[in-house]
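Coordinate inspection notes
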Amino acid sequence: MARLSASVFAPALRQVLPALLALAAVPSAAQLPERPASAPDAGHCLPAPPGSLTPQQARLTVLLDRIEATFPGPDPLIAAAAPAAICLDDRPMEGLGFYEPGSQSLVLDAGLSDDLLFPILVHELRHVWQYNSSYCPSLALSRSEHLLQIYAMEADAQAIATLYGWAGARAGQPAPWAELEGHYRTRDIAARFRAAAEAGASDADAVAAAFAAWYDDPDRVETYYRAACSAWYDALDKAHVGAGSGTLAEGHFDRLCRLPDGSRYPCQPRLPSRP
């Protein structure tokens with residue numbers, strides 16, 4: 001079994017754990033999101049009250065405008081994020097960004113460049129979209145079915161972030177794509193997308209290639225396996241319930257694997273073998 005340092009494991013746990021622990025106390029739809037006690041100051045977050053924006057709020061606004069301009073028409077990720085607080089945090093972070101569904105808070109590392117924050121924000125917005133589309137971890141599922149869903153949600157979020165980076169490069173904004181190709185966590189997925197696109201694949205097939213690439217890095221799979229299992233057991237303990245045995249319904253992923261225009265891309269969620 002591959003050995004993983006805490007610095008590798010922690011970002012994935014930071015992403016997965018809030019999602020599962022939130023199952024024990026998910027706010028009702030009528031409740032407004034509240035920033036957790038550890039969240040950045042309100043001046044670092046959107047939405048902002050009427051009036052002048054802080055530098056952090058202005059920076060986030062520009063990032064959202066860039067995402068909105070990537071494809072024609074209203075952007076579905078931004079639309080889905082409507083009640084979420086989107087924040088920049090200048091304190092040390094273990095990961096690049098994360099989304100906490102319980103508090104509806106999306107937090108990004110303020111120390112990163114805007115060109116790297118672009119695909120990270122798309123990735124986290126995709127998670128907001130997933131939760132709003134009822135793709136939520138459930139304690140009723142068996143552990144293997146839970147893992148199948150977590151892997152698919154992560155693969156989808158990164159595949160869509162890769163598509164946005166590629167589309168931006170096609171439109172004359174190559175810097176976010178360069179970040180995807182250069183970053184050690186995403187370069188393999190970007191390479192698979194580029195190879196497919198340059199071979200003449202449609203956007204749907206290039207995204208499918210990126211989705212499949214997510215599963216092909218054993219260290220990535222092992223990291224998320226450990227994070228997801230740890231979060232799953234912690235959530236069971238917090239909820240005082242036993243392990244579930246439920247299965248995902250046939251066609252469960254049909255609504256997950258969607259391009260920004262709503263059309264499907266061919267994804268194949270799976271449980272890779274582990275070392």
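Scroll up a little and you will see the structure.
Let us look at the structure shown here. (Residues numbered from 1 in each chain as written. Predicted model: local features only at pLDDT ≥ 70, side-chain atom pairs only at ≥ 80, totals over all residues. Heavy atoms only, no water.)

Observations concerning the overall build of the protein
Across its full length, the protein carries nine helices and four strands. Mapped from its N terminus to its C terminus, the protein presents α and β elements in the order α-β-α-α-β-β-β-α-α-α-α-α-α. Taking all 275 residues of the protein together, 50% fall into the buried category. Residue pairs at least 24 apart in sequence account for 72% of intrachain contacts in the protein once pairs closer than 6 positions are excluded. Just so you have it, the protein exposes about 12400 Å², and 55% of that area is on carbon and sulfur atoms. (Helix = DSSP H or I, 4+ residues; strand = E, 2+ residues; numbered from the N terminus. Buried < 20%, exposed > 50% of the residue type's maximum accessible area, 1.4 Å probe, protein only. Contact = heavy atoms within 4.5 Å. Areas by Shrake-Rupley, 256 points an atom, 1.4 Å probe, with all protein chains shown as cover.)

Here we look at the state of the cysteines
Taken as a whole and assessed by the stated rule, the structure comprises two disulfides. Put simply, Cys45 and Cys87 are joined by a disulfide, and their sulfur atoms are 2.1 Å apart. Between Cys45 and Cys87, the S-S dihedral sits near 110 degrees, and the bridge is therefore right-handed. Residue Cys45 is found in strand E1 (residues 45-46), and its partner Cys87 is found in strand E2 (residues 85-89); the two are separated by 42 residues along the sequence. The exposure class of Cys45 is buried, given its relative accessible area of 3%. Shown here is the disulfide that connects Cys257 with Cys267, its sulfur atoms set 1.9 Å apart. Residues Cys257 and Cys267 share a disulfide whose torsion about the S-S bond is about 90 degrees; that sign makes it right-handed. With Cys257 in the segment after helix H9 (218-239) and Cys267 in the segment after H9, this pair connects stretches of sequence that are 10 residues apart. Of the residues examined, Cys257 reaches a relative accessible area of 0% and is grouped as buried. Going through the protein in sequence order and numbering each bonded cysteine, the pairs you get are 1-2, 3-4. (Disulfide = S-S within 2.5 Å.)

So, helix H7 (residues 187-198)
Look at H7: 16 Å from first C-alpha to last across 12 residues, which is about the 16 Å you get at 1.5 Å a residue. Among all positions of H7, only Ile189, Ala190, Phe193 and Ala196 are buried. One side of H7 holds all its buried residues, which, seen down the axis, span an arc of 130 degrees. Next to the buried residues of H7 lie helix H5 (143-170), helix H6 (175-182), helix H8 (203-214) and H9. Following H7 by one or two positions, Gly200 adopts a phi angle in the positive range, close to 100 degrees. (Expected span 1.5 Å × (residues − 1). Arc of directions from axis to C-beta.)

Some thoughts on the pattern of salt bridges
Taken as a whole, this structure holds 13 salt bridges when the rule is applied. Put simply, Asp115 and Arg66 hold a salt bridge, and the shortest N to O gap is 3.1 Å. Pair noted here: Asp115 is in helix H4 (residues 114-132) and Arg66 is in helix H2 (residues 55-68), with a separation of 49 residues, a long-range link. Judged by its relative accessible area of 24%, Arg66 falls in the partly exposed class. Where salt bridges share partners, they join Glu181, Arg194 and Glu198 into one cluster. (Salt bridge = Lys/Arg side-chain N within 4 Å of Asp/Glu carboxyl O.)

What to know about the nonpolar core
Leu121, Leu125, Phe211 and Tyr265 are the most contacted members of the largest nonpolar core, which totals 70 residues. With sequence-adjacent residues up to four places away left out, Phe211 is seen in contact with Ala152, Ala155, Asp156, Ala159, Cys257, Tyr265, Cys267, Gln268 and Pro269. If you look at the next biggest cluster of nonpolar residues, it comprises five residues, including Cys45, Cys87, Phe98 and Val107. (Core = buried A, V, L, I, M, F, W, Y, C linked by side-chain atoms within 4.5 Å.)

Looking at the packing of aromatic side chains
The description of two aromatic rings rests on the distance between their centres and on the angle between their planes. Counted by the stated rule, this structure contains 12 aromatic pairs. Geometrically, the ring pair formed by Tyr151 and Trp214 is tilted, given 5.7 Å between the ring centres and 45 degrees between the ring planes. In this pair, Tyr151 is assigned in helix H5 and Trp214 in helix H8, connecting sequence segments 63 residues apart. Of the residues examined, Tyr151 reaches a relative accessible area of 2% and is grouped as buried. Judged by its relative accessible area of 3%, Trp214 is buried. The structure contains a cluster of three or more aromatic residues connected by ring pairs, namely Tyr151, Phe211, Trp214, Tyr215, Tyr224 and Tyr265. Across from the ring centre of Trp129, 4.0 Å away, lies the NZ or CZ of Arg126, which sits over that ring. Directly above the aromatic system of Tyr225 lies the positively charged group of Arg274, at a separation of 3.5 Å from the ring centroid. (Phe/Tyr/Trp six-rings, centres within 6.5 Å; stacked < 30°, edge-to-face > 60°. Lys NZ or Arg CZ within 6 Å of the ring centre and 35° of its normal.)

Everything listed here is a matter of coordinates, which is why it stays silent on function.
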